[in-house]
Amino acid sequence: MTNPFLDIVQGKQAHRPAVWFMRQAGRVLPRYQQLRQNHSFLELMTQPDLAAKVTLLPIDDLGVDAAILFSDILVIPMAMQSNVEWTDKGPVFPTPLAFVKNPSTLLKPQPEKLEFVYRAIDHIIETRTPGTPLIGFCGAPLTTLCYMLQGLNSHAGFPDAIKFFYTQPEESRKLVDAITELCIHYARQQVRHGIDVFQIFDTHAGLVPTELYTELFLPAVKRITEAVRSMECRVIFFPKGIGTGLPLITPEVCDIVSIDWQTSLKTARQQLHPSIGLQGNLDPRLLYADSETIQASLDTYKRFFEQHGAWIFNLGHGVLADTPFENLKAVATWVKTFSTSQITEYTKL
């Protein structure tokens, strides 16, 4: 029997929904926590054998259908000589670009700084169970640039980054173009090294008005998608918070749209072109609840499956750090009981 994740990404019929979780390769896993006792996040990400091990942990520990490369969207700024410090509390930009004159002149792309990612992919390919799909990824230019301009999201909504887009539109375009070019190189290299699918994360797509997003940022996403597709690799796009802008996501943008929890799968299916597949959209905070509450929500996915067929089950954003591991695993197990003839009930493990 073929892997349902690959079937769905390729637009084929699948015997059940596929399941994986954004941020599945990380802190919610007990075995990852053990690794973190002896290694920093930067070590786990940059040492190929460790990155490969973390990437593949969820296949065994959660029973998901696909692995996603263990890395970070902010390796792109790191490879552009934008000063990034990797701390235990996450990456920090000591010199936010919003407060620098002509910041585009400071960015010097050094693609060779991304070689550790490709070595990790090679190691994953060598050690994974045959048939395990590997998802590569990058951050979309808007989301990546928000962090580079703001430094940290210490203020809700990246106010300095958004102000920069309006006060320095030409400089914003230069920065978007520079990030996009390196993302294209990065994506192509990931495909060359063997990833099966590529996901573009635009976690902050909802921060700007639809008109600005359409003009400045969506064309960059299309360029990345075109580059990946030219190498016969499919693309998943996650435009979190895009809301009423969802119909902007046309077949030229991606093959699969990952839906956040603010939009129902039913609504997304109505608004999107029928050739575009769906992924999502369980609220990750629901996984704190008791099994009865989780089951009530999962029943809505049962009905969607009965009406629309298979899709890729995922969260509406990444797994939260203190999510009960047993709840996450139980949901993955429940999804894998879906079939065209029988759906069993979720039970907490």
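Reading guide: rules and limits
Residues numbered from 1 in each chain as written. Predicted model: local features only at pLDDT ≥ 70, side-chain atom pairs only at ≥ 80, totals over all residues. Heavy atoms only, no water. UniProt positions renumbered as here; feature names shortened; annotations may be inferred. Buried < 20%, exposed > 50% of the residue type's maximum accessible area, 1.4 Å probe, protein only. Helix = DSSP H or I, 4+ residues; strand = E, 2+ residues; numbered from the N terminus. Pairing = 2+ DSSP bridges. Expected span 1.5 Å × (residues − 1). Contact = heavy atoms within 4.5 Å. Phe/Tyr/Trp six-rings, centres within 6.5 Å; stacked < 30°, edge-to-face > 60°.

Looking at an unreviewed UniProt entry, one finds the chain named Uroporphyrinogen decarboxylase and attributed to Prevotella sp. GTC17262. What UniProt states about the chain under its Sequence similarities (unreviewed entry) heading is, verbatim, "Belongs to the uroporphyrinogen decarboxylase family."

Draft legend 1. Geometry of the pairing of strand β5 (residues 134-139). In terms of burial, β5 is largely enclosed, as six of its six residues are buried. What you see with β5 is no split at all: L134, G136 and C138 on one side and I135, F137 and G139 on the other are buried throughout. Summarising the sheet, strand β2 (residues 67-68) and β5 pair through two bridges and their orientation is parallel. Residue pairing across strands places I68 opposite I135, the latter belonging to β5. When β5 meets strand β6 (residues 197-202), the two strands line up parallel, connected through five bridges. If you follow G136 over to β6, its bridge partner there is F198.

Draft legend 2. Just helix α12 (residues 291-308), in detail. In a regular helix each residue adds 1.5 Å, so 18 residues correspond to 26 Å; α12 covers 25 Å between its end C-alpha atoms and thus fits that length. Turning to α12, its buried residues are S291, I294, Q295, L298, Y301, F304 and F305. Where α12 is buried, its residues touch α11 (265-271), β9 (277-280), β10 (312-313) and α13 (325-335). Phi turns positive, to about 85°, at G309, one or two residues after α12.

Draft legend 3. The arrangement of the packing of aromatic side chains in detail. Scanning the model with the defined rule gives 16 aromatic pairs in all. Judged by centre distance (5.2 Å) and plane angle (65°), the rings of Y301 and F313 are edge-to-face. In this pair, Y301 sits in helix α12 while F313 sits in strand β10, placing the two residues twelve residues apart along the sequence. Among the residues examined, F313 registers a relative accessible area of 0% and is labelled buried. Following the ring pairs from residue to residue traces out a cluster consisting of Y301, F304, F305, W311, F313, W334 and F338.

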